[in-house]
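Topology and contacts: notes
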Amino acid sequence: MRWSQFYLYTTREVPNDAEVVSHQLMMRAGMIRKAAAGIYTYLPLGWRSIMKMMDIVRREMDAAGAVELMMPAIHPAELWQETERWDAFGDLLLKIKDRNQRDFCFGPTHEEVVTDVVRRDVRSYRQLPLNLYQIQNKFRDEIRPRFGLMRAREFLMKDAYSFHAGADSLGETYEAMRAAYCRVFEDCRLEYSLVEAQSGTIGGSASHEFMVLAETGEDAVVSCPACGYAANVEKAEARPLAAAAAAGDQEELTEVSTPGATTISEVTDQLQVGADRLVKTLVYETEEGPVLALVRGDRDLNEAKLASYLGAQRLTMAGDEVVRRVTGAPVGFAGPVGLSPEIRRVGDQSIRQSSNFVVGANKADAHFTGVNWGRDVDLSEWTDLLLVTGGDGCPRCDGTLELHRGIEVGHIFKLGTKYSEAMECTYLDDQGKSHPMTMGCYGLGIGRTVAAAIEQNHDEDGIIWPLPLAPYEVLVIALNTRDEQVVELADRLYDQLQEQGSEVLYDDRDERPGVKFKDADLIGIPVRLVIGAKSLAGGQVEVSLRRDREKILVPIENAVERVLELLAG
RNA sequence: CGGGGCGUAGCUCAGCCUGGUAGAGCGCACGGUUCGGGACCGUGAGGCCGGAGGUUCAAAUCCUCUCGCCCCGACCA
């Protein structure tokens, strides 16, 4: 492609609404253009990378035995009502009405539609297992779209759904898909990690996420370098913490004045104790009413763990009013001592052995010290509520967990029969008995993976594409288009490379060399072939890699061969 | 949705506090000089100052309401 004929406009300035590098670089490199928050046009250069990504995914899905189809983007409400997700999905679901006021939504995921398809065609265990996939735009009216393609409201996703006669068969497909995903991310030359994950609103029994490690990631993951255990912090477990220091005998329960100390650090400052000697009492609201959760003062609570322990559908931090009603004190002074036993309370297991600790006194400007279980507080419900963090002990071995940030690029789930039961998607076994199909589902963010690749592969001048995702493999630059010899040679080398099957972008624009070099660095095409008057005088052209920028002068007649060698590896 | 910030030329921003003829750089067009790391000189086009109300002799500027966008939190590929 000749640049002069292409649709590619780069910018020098970084757009004021782009925060993270991948977003900035995609905007500057003329790959995407924003239409509205979280809604983008893929411009020709960006679209080429997206298509590369889709090709890789398609190849691996096909190899794993999945069959491609294309489902509608617009779904009738009835299907979503069958699984009760029409309401459960809430405002994330982008809803519309047709001219007859019938309800529809833009599909955020396709369990309902695919299950509806399969239940009409599949009757027998002999037709199973099945694995169907598509690559399609998804629509989620995110509360907060951000970071360009990283979290968009309209985004490309590969989604696959498998159907089985029983859990063993699901296990096999799940394993095959896990392996296929690994190959996809390896093909993209991405540094990723596979972590245990929370199932979230999709539901199901087991799930794993594929995380691309990057500082700007929205997720936190912990991993154990010793045994390889890795999990999203939402899901992660840790070896139980050592009990907060319990020096000697039980102290007396004492109310102390702590004026204005509503935060952990203010309390520790005023009382001169470590945060690990505090037990904080968090008030949550659930559909069953308020719940108190107790965790060590220096640690955070994992809301997902609390919600799943309680079996709560809805879990939110209580507002000022509720806290005041439950504890009789303003926010910041809640504690378990002397509260009505009517209110459910759950303690994190790591404080079970604690003694002589500090808690809020349920009145303004006061705390209790010397608090002990049994004598001062009765607590019968204990579970793991801890938000695991770096430095915690690995739950599987003696190792210590490390904390990293990651971008979730893929997520695979064992769904079980949640959807097949709700939608009566059944098969007959060899005894003629009817069962709901066991299902799995497998998502992979196309645009997000491309963005993640940029997060991992860039420098101060621009993108450094890994070859498999590069919009073009080779950039041929005619340094000075006024020089006939330069142009003639550049034209010829461009033609030859194309004949050899390379994907070539040819910068034939009438621009100054500086502009061409800056643009070349910005758009990050892996191999660069520069034809300029200086080297040409010596019968040479310049070949270089974007990654290391080391320039090699090669004789004109060897140029094409040299470029092909670099592309080959 | 809660908290914070921003809407002025295609882009990045100044001007607003203290009301009085709308600015710069980049980009774009034309002419000239240049041509191996975002050149230089000259000329020019381009703006209902996000929108609606209000205050005022006078509003980009002050007030109210709206819409959009960005950042921080709970959700997700």
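Since the model is a prediction, treat every value here as computed from it, not as a measurement. Within each chain, residues carry numbers counting from 1 in the order of the written sequence. Working convention: letters from A go to chains and numbers from 1 go to ligands, in the order in which they are written. Whole-chain, interface and lining totals are the exception, using all residues; otherwise, since this is a predicted model, local features are given only for residues with pLDDT of at least 70 and side-chain atom pairs are given and counted only at 80 or more. Side-chain metrics rest on all non-hydrogen atoms present in the structure, leaving aside hydrogens and water.

**Thoughts on the side chain of Asn131**
Selection criterion: Numbering of helices and strands runs from the N terminus, with a helix taken as a DSSP run of H or I at least four residues long and a strand as a DSSP run of E at least two residues long. Here, two residues are considered to be in contact whenever any of their heavy atoms come within 4.5 Å of each other.
As for its position among the elements, Asn131 is in strand β7 (residues 130–139). Excluding residues within four positions of it along the chain, Asn131 makes contact with Gly65, Ala66, Val67, Ala160, Tyr161, Ser162, Thr173, Met177 and Tyr442.

**Considerations on the environment of Ala318**
Within the secondary structure layout, Ala318 lies in the loop between β16 (315–317) and α9 (320–327). Distance in space between the C-alpha atoms of Ala318 and Thr286 is 9.0 Å, their sequence separation being 32 residues. Not counting the four nearest positions on each side in its chain, Ala318 is found in contact with Val283, Tyr284, Glu285 and Val323.

**Examining the domain arrangement of chain A**
Note the following rule: Delimitation of the domains relies on an automatic or database domain assignment.
One can read the domain layout of chain A as domain 1 (7–188 + 416–454), domain 2 (254–383) and domain 3 (472–568). Taking only C-alpha atoms, the centre of domain 2 and the centre of domain 3 are 66 Å apart.

**Observations concerning the protein's contact with RNA strand B**
Convention followed: We call a residue near a given molecule or strand whenever any one of its heavy atoms falls within 4 Å of it. We define a polar contact as two N or O atoms separated by no more than 3.5 Å, with the added condition that, inside protein, one atom must be a possible hydrogen donor and the other a possible acceptor, whereas residues neighbouring each other in sequence contribute only through side-chain atom pairs. Residues are grouped as follows: Ala, Val, Leu, Ile, Met, Phe, Trp, Tyr, Cys and Pro are nonpolar; Asp, Glu, Lys and Arg are charged; all remaining types, including Gly, are polar.
In the vicinity of RNA strand B lie 51 residues, with Arg144, Arg151, Arg482, Asp521 and Glu542 positioned nearest. Counted by atom, the contact set of RNA strand B within 4 Å of the protein is 48% sugar and phosphate. One nitrogen or oxygen atom from the side chain of Glu13 is found 3.2 Å from a base nitrogen belonging to RNA strand B. Between a base nitrogen of RNA strand B and a side-chain N or O atom of Arg482, the distance comes to 2.4 Å. Secondary structure elements with two or more residues in the surface near RNA strand B: β1 (32–36), β8 (154–164), β21 (402–416), α13 (513–523) and α14 (533–537). The dominant element in the surface near RNA strand B, judged by the number of residues it contributes, is α13, at 7 residues. Taken together, the residues of the surface near RNA strand B break down into 17 nonpolar, 11 polar and 23 charged.

**Structural notes on the pairing of β8**
Our working definition: Classification of residues uses two cut-offs on accessible area relative to the type maximum, computed with a 1.4 Å probe and protein chains only: under 20% is buried, over 50% is exposed, and between them is partly exposed. Strand pairing is assigned whenever DSSP detects at least two bridges linking the two strands.
Where burial is concerned, most of β8 is hidden: 10 out of the 11 residues are buried. Note: β7 against β8, 10 bridges, orientation antiparallel. Across the sheet, Asn137 pairs through a bridge with Leu156, a residue of β8. Here β8 runs beside strand β24 (residues 438–445); their pairing, made up of 8 bridges, is antiparallel.

**Here we look at the sheet that holds strand β14 (residues 279–286)**
Across the sheet, which stays open at both edges, the 5 strands sit in the order β16-β14-β15-β17-β20 with mixed pairing between neighbours. Two strands bound the open sheet, and with one partner strand each, they are β16 and β20 (382–383). Bridge analysis of β14 against strand β15 (residues 289–296) gives 8 bridges, and the strand direction is antiparallel. Note on β15: the bridge partner recorded for Tyr284 is Val291.

**A short note on the pairing of strand β6 (residues 103–106)**
Both strand β4 (residues 74–76) and β6 contribute to a ladder of 3 bridges, which runs antiparallel. Note on β6: the bridge partner recorded for Pro76 is Phe104.

**Details of the pattern of salt bridges**
Here is the rule we go by: Salt bridges, as used here, are contacts in which a Lys or Arg side-chain nitrogen is within 4 Å of a carboxyl oxygen on Asp or Glu.
Here the structure, examined in full by the defined rule, presents 40 salt bridges. Close ionic contact of Glu82 with Arg119 constitutes a salt bridge, the shortest N to O distance being 2.9 Å. Of the two residues, Glu82 is situated in helix α3 (residues 77–82) and Arg119 in helix α5 (residues 111–121); the sequence distance between them amounts to 37 residues. Residue class for Glu82 comes out partly exposed when judged on its relative accessible area of 32%. Residue Arg562 is joined to Glu565 by a salt bridge in which the shortest nitrogen-to-oxygen separation is 3.1 Å. Of this pair, Arg562 and Glu565 both sit in helix α15 (residues 559–568), 3 residues apart, which is roughly one turn of that helix. Accessibility expressed as a relative area gives 40% for Glu565, which makes it partly exposed. Taken together, the shared-partner salt bridges connect Asp459, Asp461, Asp521, Arg528, Arg546 and Arg549 into one network.

**Remarks on the sheet that holds strand β18 (residues 357–360)**
Within a sheet, each strand pairs with its neighbour through backbone hydrogen bonds, oriented either parallel or antiparallel. Where we set the bar: Fitted lines through C-alpha atoms serve as axes, helices being fitted only where they are in contact, and the angles separating the N-to-C directions of these axes extend from 0 to 180 degrees.
Ordered by their spatial adjacency, 3 strands build an open sheet running β13-β19-β18, and the pairing between neighbours is antiparallel. Here the strands that pair on one side only, and so sit at the sheet edges, are β13 (254–257) and β18. Neighbouring strand axes in the sheet, compared pairwise and without regard to direction, differ in orientation by 30° on average.

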